[in-house]
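Each chain is listed here by its residues.
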Amino acid sequence: MPLWPEIKGLKFPDEYVVRFFFKEQMDKKQARVLELGCGNGNNLMLFHEYGWSVFGIDINPGSLANADHNFSIIDEAKRGGYAFLQHDLSRALPKVEGKYDVVLMPGVLEYIPRNAMKKCLMDVSNLLVPGGYFFLRMRALGDYRYGKGRMVELNGFILEIAETGEEGLLNVFYHPDEIVKILHDHLSVDKNSLRMFNLSFDNWQNNTQIATNQEFIIWGKVQ
């Protein structure tokens, strides 16, 4: 691993991405992973360190510049390669080459309209190899942000609060059962492979206590 002070942005992967990676024994193989909303690449660095080829998509050019920097300080001779692309997921996925063994979608699909989210999942279905894995982290109906803005679609709001740093952004909130149905409709899910975690926790942002963040995580395989 590179020296931590050199990393720009988040330095560690999402805790549940780490759990997903090791519980599904991804440390025992080398394959291809795509992350939607990759940010500075903090989740992808875990895969990359184990020899996976990684590809990240994000709307924010600053985050992608950080990702390029972070991966440039890894010894490429020992790794599987990387690439990043700027793209707005509300316009569905761009055309990409090849198939992927894993697609990560942690905390990103709640920022696009519901119909765009469904189209995105349909595109992911076409990108995953048979038996490939998906990982979702979504914002739930009980989250602090729910209702704190102008409603623009079912359970979807343009936020009008500043404390979370999301003022003016769309947030769409879901019930886990709704997402499970959408996954079955759009991803040909192997239902026996599904793993779900419900998360509820307090946080501090901009000197304000956020009570409560409520999210859920679902991972599994496609048929």
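1. Brief notes about the sheet that holds strand β8 (residues 170-172)
Argument step 1. If you trace the three strands from one edge of the open sheet to the other, you get β6-β7-β8, paired in antiparallel fashion. The open sheet has two edge strands with one neighbour each: β6 (149-153) and β8. This sheet shows a mean twist of 35 degrees between the axes of neighbouring strands, independent of strand direction.
Argument step 2. Bridge count for β6 against strand β7 (residues 156-159) is four bridges, and the pairing is antiparallel.

2. What about the pattern of salt bridges?
Side chains carrying opposite charge are able to pair once their charged atoms draw close together.
Argument step 1. Per the counting criterion, the structure on display carries 12 salt bridges.
Argument step 2. Across the salt bridge formed by Arg-137 and Asp-14, the nearest N and O atoms sit 2.9 Å from each other. With Arg-137 in strand β5 (residues 128-139) and Asp-14 in the segment before α1 (15-23), this residue pair connects regions lying 123 residues apart in the sequence. Each member of the pair, Arg-137 as well as Asp-14, is classed as buried.
Argument step 3. The closest approach of N and O atoms between Arg-139 and Glu-110, which form a salt bridge, is 3.9 Å. With Arg-139 in strand β5 and Glu-110 in the loop between β4 (100-106) and α4 (114-127), this residue pair connects regions lying 29 residues apart in the sequence. Of the two residues examined, Arg-139 and Glu-110, each falls in the buried class.

3. What to know about the pairing of strand β2 (residues 53-58)
Argument step 1. In terms of residue burial, β2 counts as a mostly covered element, since five of its six residues are buried.
Argument step 2. One ladder, built from five bridges, connects strand β1 (residues 32-36) with β2; its direction is parallel. What sits directly across from Glu-35, in β2, is Gly-56.
Argument step 3. Summarising the sheet, β2 and strand β3 (residues 82-86) pair through five bridges and their orientation is parallel. Residue Gly-56 lies in a different strand from β3, and its bridge partner there is Phe-84.

4. Some details on the packing of aromatic side chains
Argument step 1. By the definition in use, this model includes 18 aromatic pairs.
Argument step 2. Ring geometry for Phe-21 versus Phe-47: centroids 4.8 Å apart, planes at 85 degrees, classification edge-to-face. Taken as a pair, Phe-21 in helix α1 and Phe-47 in helix α2 (residues 42-49) lie far apart in primary sequence, 26 residues in all.
Argument step 3. Given the relative accessible area of 0%, Phe-21 is considered buried.

5. Here we look at the sheet that holds β5
Argument step 1. Across the sheet, which stays open at both edges, the seven strands sit in the order β3-β2-β1-β4-β5-β10-β9 with mixed pairing between neighbours. At either margin of the open sheet sits one strand with a lone partner, and together these are β3 and β9 (195-205). Across the sheet, the mean angle separating the axes of adjacent strands is 15 degrees when strand polarity is ignored.
Argument step 2. Across three bridges, the pairing between β1 and β4 is parallel. Considered in β4, the bridge of Glu-35 is made with Leu-104.
Argument step 3. Packing against the sheet, helix α5 (residues 176-187) makes contact with β5, β9 and β10 (208-221), and its axis sits at approximately 30 degrees to β10.

The rules behind these values
Residues numbered from 1 in each chain as written. Predicted model: local features only at pLDDT ≥ 70, side-chain atom pairs only at ≥ 80, totals over all residues. Heavy atoms only, no water. Pairing = 2+ DSSP bridges. Helix = DSSP H or I, 4+ residues; strand = E, 2+ residues; numbered from the N terminus. Axes fitted to C-alpha atoms, helices over the stretch in contact; angles between N-to-C directions. Salt bridge = Lys/Arg side-chain N within 4 Å of Asp/Glu carboxyl O. Buried < 20%, exposed > 50% of the residue type's maximum accessible area, 1.4 Å probe, protein only. Phe/Tyr/Trp six-rings, centres within 6.5 Å; stacked < 30°, edge-to-face > 60°. Contact = heavy atoms within 4.5 Å.

Read these as spatial facts, not as claims about activity.
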